[in-house]
Amino acid sequence: MPLVVPGINNTSGGASQEEWLNKLAGKKLTESSSDVTSFAKKDLPQQHRVLKPGDAMTMDMRPERMNIHLGDDGTVHNVTFG
């Protein structure tokens, strides 16, 4: 398993977890366009997964993978890596 040092091993296109959360919080994910209330999936890092409430997820650790956590209304409420 590779050594992960916050701020050094960032493979998410240079943006930190906090920066991604600021970009996505409160927005819904769409297939093609970004605006004030939505964000296009095509603009996310290649390694990502979208997690809805109650979704099952694997527990494998992948530091480069962005996890996008949605609320019951389908808006982003958290972003983590792993």
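Residues numbered from 1 in each chain as written. Predicted model: local features only at pLDDT ≥ 70, side-chain atom pairs only at ≥ 80, totals over all residues. Heavy atoms only, no water.

- Per an unreviewed UniProt entry, the recorded name for the protein chain is Peptidase inhibitor I78 family protein, and the organism is Aspergillus tubingensis.

Remarks on the pattern of salt bridges
Side-chain pairs of opposite charge can arise where the charged atoms are in close proximity.
No. 1: Taken as a whole and assessed by the stated rule, the structure comprises four salt bridges.
No. 2: When the shortest N-O distance is used, the salt bridge between aspartate 43 and lysine 42 registers 3.7 Å.
No. 3: For lysine 42, a relative accessible area of 58% corresponds to the exposed category.
No. 4: Note that arginine 65 and aspartate 60 form a salt bridge whose closest N and O atoms lie 3.4 Å from each other. (Salt bridge = Lys/Arg side-chain N within 4 Å of Asp/Glu carboxyl O. Buried < 20%, exposed > 50% of the residue type's maximum accessible area, 1.4 Å probe, protein only.)

Points about the confidence of the model for the protein chain
No. 1: Per-residue confidence for the protein chain averages 86 on the pLDDT scale, and 83% of its residues sit at or above 70.
No. 2: Here residues 1-12 is modelled with pLDDT under 50, and outside its nearest four sequence neighbours on either side it reaches ten contacts, counting other chains as well. (pLDDT = per-residue confidence, 0-100. Contact = heavy atoms within 4.5 Å.)

Examining the packing of aromatic side chains
No. 1: A complete count under the given rule lists one aromatic pair for this structure.
No. 2: Residues tryptophan 20 and phenylalanine 39 carry aromatic rings whose centres are separated by 6.1 Å and whose planes lie at 80 degrees to one another, so their mutual orientation is edge-to-face. A residue pair is termed long-range when its members are at least 10 positions apart, and tryptophan 20 in helix H1 (residues 17-24) and phenylalanine 39 in strand E2 (residues 38-40) qualify at 19 residues.
No. 3: On the accessibility criterion, tryptophan 20 (5% relative accessible area) is buried.
No. 4: Note on phenylalanine 39: relative accessible area 10%, which makes it buried.
No. 5: Positioned above the aromatic ring of tryptophan 20, the side-chain terminus of lysine 23 is 4.4 Å from the ring centre. (Phe/Tyr/Trp six-rings, centres within 6.5 Å; stacked < 30°, edge-to-face > 60°. Helix = DSSP H or I, 4+ residues; strand = E, 2+ residues; numbered from the N terminus. Lys NZ or Arg CZ within 6 Å of the ring centre and 35° of its normal.)

Some details on the nonpolar core
No. 1: The biggest cluster of nonpolar side chains holds eleven residues, and these are Ala15, Trp20, Leu24, Leu29, Phe39, Leu44, Met66, Ile68, Leu70, Val76 and Val79.
No. 2: Secondary structure elements with two or more residues in this core: H1, strand E4 (66-70) and strand E5 (76-81).
No. 3: For this core, the element with the highest residue contribution is E4, accounting for three residues. (Core = buried A, V, L, I, M, F, W, Y, C linked by side-chain atoms within 4.5 Å.)

Some details on the environment of methionine 61
No. 1: Within the fold, methionine 61 resides in the loop between strand E3 (48-51) and E4.
No. 2: The exposure class of methionine 61 is partly exposed, given its relative accessible area of 49%.

What to know about the environment of threonine 75
No. 1: Mapped onto the secondary structure, threonine 75 falls in the loop between E4 and E5.
No. 2: For threonine 75, a relative accessible area of 15% puts it in the buried group.
No. 3: On a C-alpha basis, the gap between threonine 75 and lysine 52 in space is 9.5 Å, while along the polypeptide they are 23 residues apart.
No. 4: The residues touching threonine 75, leaving out its near neighbours within four places in the chain, are Gly26, Lys27, Lys28, His69 and Leu70.
No. 5: There is a polar contact of 2.8 Å between the side chain of threonine 75 and the side chain of aspartate 73. (Polar contact = N/O pair within 3.5 Å; in protein donor to acceptor, adjacent residues only side chain to side chain.)

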